[in-house]
2 protein chains.
Amino acid sequence: MSIAEADLPDVPSVEAWLRGLQDRICAALEDRDGAARFRSDTWRKPPDSTLRGNGDTRILEGGAVFERAGVALSLVDGDRLPPSATAARPELSGRGFRAMGVSLVLHPRNPYVPTTHLNVRYLVAEKAGATPVWWFGGGYDLTPYYPFKEDAVHWHQTARDACDAVGDSIYPRLKQHCDEYFYLKHRGETRGIGGLFCDDWNENGFAASFALIRAIGDSFLPAYLPIVERRTRTPYGERERDWQLLRRGRYVEFNLVWDRGTLFGLQSGGRSESILMSMPPEVRWRYDAQPEPGSPEAELLTDYLHPRDWL
Amino acid sequence: MSIAEADLPDVPSVEAWLRGLQDRICAALEDRDGAARFRSDTWRKPPDSTLRGNGDTRILEGGAVFERAGVALSLVDGDRLPPSATAARPELSGRGFRAMGVSLVLHPRNPYVPTTHLNVRYLVAEKAGATPVWWFGGGYDLTPYYPFKEDAVHWHQTARDACDAVGDSIYPRLKQHCDEYFYLKHRGETRGIGGLFCDDWNENGFAASFALIRAIGDSFLPAYLPIVERRTRTPYGERERDWQLLRRGRYVEFNLVWDRGTLFGLQSGGRSESILMSMPPEVRWRYDAQPEPGSPEAELLTDYLHPRDWL
C-alpha cells in the first residue's frame, strides 16, 4: 500500500483523541476494578536527546479484578525514522518523525478472564520542503486462558461491527493481519484468538483513516468489558491459576522474542519500564507442561490457538 | 582470531567427555538436592530434516535445593552452518557442520543461593575435499540475588585457577568476554557477576583448546557447590522471595531479548522445550520496582551488577 501525501495531517486532533481515550479507558477500568487505582508516571526525555518527547504511563497493580493493568500514552519525535520503520519504504529514510500512541495491556487476576492488549498509533514523517507523510496503525487482540465460544464471538462481532461502520472490506483484512502477527512460530500457536491489527494505514485519506482508528479505539471497552463482567466472579482454584501462569509464560515469549515493537524499543534505548509494562505480574514455566487430553485447557490449545473464523 | 585448520578434530573424545560431564553434574546436583531426581527426556530429530541429531534433556523440578535445574546434552548436524555462525567468517558459509554441547541452568529455591549457567560446545564445519574447521566455545556465569563478597571471590578464583592451569593469558580475556556478553543494555546492568566465556576458540591447536574446555567444565562444580553449601540453609521470608522473583524477570529479559543462542534456536526451529529449560520456574514483574536505598538489594545493583575485578 502506498503512503498518501495528499492530506495534511491533523496532529492536534489525533493527540486530543488519544488523551481522551487513555482517560476514558482508565476511568472505566478503575470503575470495573473497584479496589485499586491507576497511578500516573509522567516522563520527559531531555530535549537534546535523539529521541525527544514525553509520556504518561498509568499503572494499576494488585487490584481486585486486574492483577496488573498498564495504559500508556507517549508522544515522541526524532531526527531520523528508525530503520525498522523505513525498511519497507526506503523513500522515507532519513526523515524526521513524530509518533504518538496509546498502548494497553491488562492482566486480570481470575484465570477465566482473558488478558488483552490494545495499541493505536499515529506517525508523521517530515522533511523540509516536502509534504508530510503520515499513517496510522494498531488494533486489539484477546488472549483467553479458558475456551468460551460466546466470549470469542462477542469479541470478534464487536470488532467487525466497528470496522464495518467505516468501510465494507476492512474487517477481514484486519482480522487476518492480527492472526498473522500474533503468532508464536516456535510454539506453532497463536498468542490468543486475535482481533484487529493494521499498519501503514492511510486508505482514503486522513479523515477516513482517523475514523477507522477511532472506531478501533472506541470499540475496545464494549468488546472487552462484557467478557470481564461475565467471567470475573467464576470461582477458580490452584489448577486454573497454575494454567494461567504457564500460559502467561507464552505471553512473555511472544513479547520478548517476536514482538517487533517491544524489541525495537528495548534495543534502541526506549523507556524500559514503559515498554515492559506488558509483562505479566506473575509467571511460571514448567518443562513440557501439557494439559490433560479432553480438558478445557486442552480445548484451548486445539480449538482456540489457531486462526479461525468466529462469526 | 583465525580458525585453525591444522589439526584433525577428535569428535569421539569430545562427545565422550560431554556425556561424562552431564552425568557427573547431574549426579552431584541430585546428591546436593537430596529430594528430587532428574528425569531424562531423550529426543531425536528425523534424519530427513535440515537439522538432524539427538539429545538428552535432563530436568529436575520441585527439589529441596533446586526449584528447577536443567542439564541438556545435544548432538546435531546440518547441511549448512546457520547465518549467525558464519557472519564473522564468510569463508565457512555453505559448509555442513556438527555441533555438540552441554548446557545447564540452575534455579535454586533459596534467594540467597545464586542462579547459574554453564555451556560448553564444540563445532566442526566440514566440506568435501577440504580440511575440517573446528572450534570450542562456552563458559559459566553466576547470578546472585544477594551480595556476598566471599562467594564472588570464590567463584572467580576457581575460574581463574582453572584457566591458569592451561595458559597464562587466558583468564582475563575470558572474564572480560563474559562481562561483555551477559549485559542487559536496556537495563544498564550485567546479568550477574560474570565468570568465563569464550567463542571461536582453537588457540594452540586441538589438544590445548580441548584442555581449556575441559578445565572450564570440570571446574564448574567446585566453583558453584561450595556457594550452595554456604547459603542454602539461610532463612528467608517473603521479602527475599519477592526480590528473587523480580530479579528472575531480568534473567528472562536477558535470555529472550539478548541471548544469541536462545534467539537463534527459537527462530530457526530448534527444540523449544530444551531451549527454554533456562526459564525460571516462577517469575514476577512489577512496575518500576526499586530496592530501598542502603539495603542489601540496593547493594547488589550498585556494587555487583557492573563489571568488576573480584580478585
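Residues numbered from 1 in each chain as written. Chains lettered and ligands numbered in written order. Predicted model: local features only at pLDDT ≥ 70, side-chain atom pairs only at ≥ 80, totals over all residues. Heavy atoms only, no water.

Observations regarding the packing of helix α7 (residues 238–258) of chain A against helix α10 (residues 296–304) of chain A
All names here are of chain A. Here is the rule: To define axes, lines are fitted to C-alpha atoms, for helices over the stretch in contact only, and angles between the resulting N-to-C directions are given on a 0 to 180 degree scale. Secondary structure elements follow DSSP: runs of H or I no shorter than four residues count as helices, runs of E no shorter than two count as strands, and numbering proceeds from the N terminus. Just so you know how the angles are binned, under 35 degrees is roughly parallel, over 145 roughly antiparallel, 65 to 115 roughly perpendicular, and the rest oblique. Note on definitions: a residue-residue contact is assigned when non-hydrogen atoms from the two residues lie within 4.5 Å. Side-chain classes are defined by residue name, with Ala, Val, Leu, Ile, Met, Phe, Trp, Tyr, Cys and Pro counting as nonpolar, Asp, Glu, Lys and Arg as charged, and the others, Gly among them, as polar.
Where α7 meets α10, the axes come as close as 11 Å, and the angle between the chain directions of the two elements is 30°. Judged by the angle between their axes, α7 and α10 are roughly parallel. Taking contact as the criterion, the partners of R239, W243 and R247 in α7 are, on α10, P296, E297, L300 and L301. Residue composition of the contact of α7 with α10, by class: four nonpolar, no polar and three charged.

Quick word on the sheet that holds strand β9 (residues 194–201) of chain B
Residues and elements named next belong to chain B. Rules: The rule for pairing is simple: two strands pair if DSSP sees at least two bridges between them.
With respect to topology, seven strands assemble into an open sheet ordered β1-β2-β3-β4-β5-β6-β9, the strand pairing being antiparallel. Whereas interior strands pair on both sides, the edge strands pair on one side only; in this sheet they are β1 (39–45) and β9. With strand direction ignored, the average angle separating the axes of adjacent strands in the sheet is 5°. In the sheet, β1 pairs with strand β2 (residues 51–61) via seven bridges, with the strands oriented antiparallel. Bridge pairing in β2 links T42 to D56. Contacting β2, β3 (66–78), β4 (96–108), β5 (115–126) and β6 (133–143), helix α1 (residues 11–33) runs over the sheet at an angle of about 170° to β3.

Quick look at the packing of aromatic side chains
Residue and element names in this part refer to chain B. Just so we agree on the cut-off: For this analysis, a ring pair means two rings from Phe, Tyr or Trp (six-membered ring only for Trp) whose centres lie within 6.5 Å, classed as stacked if their planes differ by under 30 degrees, edge-to-face if by over 60, and tilted for the remaining angles. Residue burial is assigned from relative accessible area. The probe radius is 1.4 Å, only protein chains are included, and a residue is buried under 20% of its type maximum, exposed over 50%, and partly exposed in between.
Under the defined criterion, the tally for this structure stands at 38 aromatic pairs over all chains. Their ring planes at 65° and their centres at 6.0 Å tell us that Y122 and F206 sit as a pair that is edge-to-face. Of this pair, Y122 sits in strand β5 while F206 sits in helix α5 (residues 205–218), and the two are 84 residues apart along the sequence. A single burial state applies to Y122 and to F206, both of which are buried. For the ring pair F182 and F197, a centre distance of 5.8 Å and an interplane angle of 80° mean the geometry is edge-to-face. Of this pair, F182 sits in the loop between α4 (170–181) and β7 (183–184) while F197 sits in strand β9, placing them 15 residues apart in sequence. Overall, F197 belongs to the buried group, its relative accessible area being 8%.

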